[in-house]
Amino acid sequence: MKKMNMQQLLACDKFVVDDEEHHILLNKEICSICQAKPCIYACPAGLYILKDGEINFDDAGCLECGTCRLICPQEGALSWNYPRGNFGVIYRYG
Ligand code: SF4
Ligand code: SF4
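Rules used in this analysis
- Residues numbered from 1 in each chain as written.
- Chains lettered and ligands numbered in written order.
- Predicted model: local features only at pLDDT ≥ 70, side-chain atom pairs only at ≥ 80, totals over all residues.
- Heavy atoms only, no water.
- Core = buried A, V, L, I, M, F, W, Y, C linked by side-chain atoms within 4.5 Å.
- Buried < 20%, exposed > 50% of the residue type's maximum accessible area, 1.4 Å probe, protein only.
- Contact = heavy atoms within 4.5 Å.
- Near = heavy atom within 4 Å.
- Nonpolar A, V, L, I, M, F, W, Y, C, P; charged D, E, K, R; others polar.
- Phe/Tyr/Trp six-rings, centres within 6.5 Å; stacked < 30°, edge-to-face > 60°.
- Helix = DSSP H or I, 4+ residues; strand = E, 2+ residues; numbered from the N terminus.
- Lys, Arg positive; Asp, Glu negative; His and termini not counted.
- Salt bridge = Lys/Arg side-chain N within 4 Å of Asp/Glu carboxyl O.
- Pairing = 2+ DSSP bridges.

Participant: Is there a simple way to think about the nonpolar core in this case?
Facilitator: One recurring pattern in soluble globular proteins is that nonpolar side chains are buried together. Ranked by size, the top nonpolar core spans 15 residues in total, and within it Ile24, Ala45 and Tyr48 carry the most contacts. When near neighbours in sequence (up to four residues on either side) are disregarded, Ile24 contacts Tyr48, Phe57, Asp59, Cys62, Cys68, Leu78, Ser79 and Trp80.

What follows is the structure, given as structure tokens:
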């Protein structure tokens, strides 16, 4: 069986993005003082990206695993909620 890369695996799921009420919001001011930025390495969907020294995030593609919420060391940096009804990830396999 051929091993799938991250993009191929994520393409197995469907995401309904809520543009009016994002379920994860970052306080970039707090993120700027976060040294380790573990979210970059821990998010299984690779949604936290460091660009020009600043953290960039888009909740489209979020698997709702809660990892970023658990590992974030800075209080108040993340506002995390499950998406509203009919929005979010739809697992098509497994
Ligand atoms: S771990 Fe938390 S505070 Fe640090 S960059 Fe990521 S979201 Fe921001
Ligand atoms: S909940 Fe999981 S998939 Fe979604 S942004 Fe956080 S770590 Fe990534």
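Participant: Can you walk me through the site of ligand 1 in this structure?
Facilitator: As a matter of local geometry, ligand 1 sits amid Cys31, Cys34, Lys37, Pro38, Cys39, Cys72, Pro73, Gln74 and Ala77. Classifying every residue of the shell around ligand 1 gives 7 nonpolar, 1 polar and 1 charged.

Participant: Looking at this structure, I do not really get the site of ligand 2. What am I missing?
Facilitator: What surrounds ligand 2 is a group of 13 residues, the closest being Cys43, Cys62, Cys65, Gly66 and Cys68. In terms of residue class, the shell around ligand 2 is built from 10 nonpolar, 2 polar and 1 charged.

Participant: Honestly, the packing of aromatic side chains in this entry has me stumped. Any pointers?
Facilitator: Two numbers describe a pair of aromatic rings. These are the distance of the centres and the angle of the planes. Under the counting rule described, the total for this entry stands at 2 aromatic pairs. On the numbers, 5.0 Å between centres and 80° between planes, the contact of Trp80 with Tyr82 is edge-to-face. We classify Trp80 as buried; its relative accessible area is 9%. With a relative accessible area of 57%, Tyr82 lands in the exposed category.

Participant: Can you walk me through the side chain of Asp13 in this structure?
Facilitator: Tracing the backbone shows Asp13 in the loop between α1 (6–10) and β1 (14–16). It is Arg92 that comes nearest to the buried, bridge-free Asp13 among opposite-charge side chains, at 6.1 Å. Ignoring sequence-local partners within four residues, the contact set of Asp13 consists of Leu63, Val89, Ile90, Tyr91 and Arg92.

Participant: It is not clear to me how the side chain of His23 should be interpreted in this structure. Could you clarify?
Facilitator: Looking at where His23 falls in the secondary structure, it is placed in the loop between β1 and β2 (24–26). For His23, a relative accessible area of 9% translates into the label buried. The contact partners of His23, leaving out residues within four places of it in the chain, are Asp59, Cys62, Glu64, Ser79, Trp80, Asn81, Tyr82 and Pro83.

Participant: Just to check I follow, could you spell out the pairing of strand β4 (residues 54–57) for this structure?
Facilitator: For a regular strand, the rule is simple: side chains alternate between the two faces of the sheet. Summarising the sheet, strand β3 (residues 48–51) and β4 pair through 4 bridges and their orientation is antiparallel. Its bridge partner being in β4, Ile49 is matched across the sheet by Asn56. The antiparallel pairing of β3 with β4 creates a hairpin that spans 2 residues between the two strands, and Asp52 there sits at a positive phi of about 50°.

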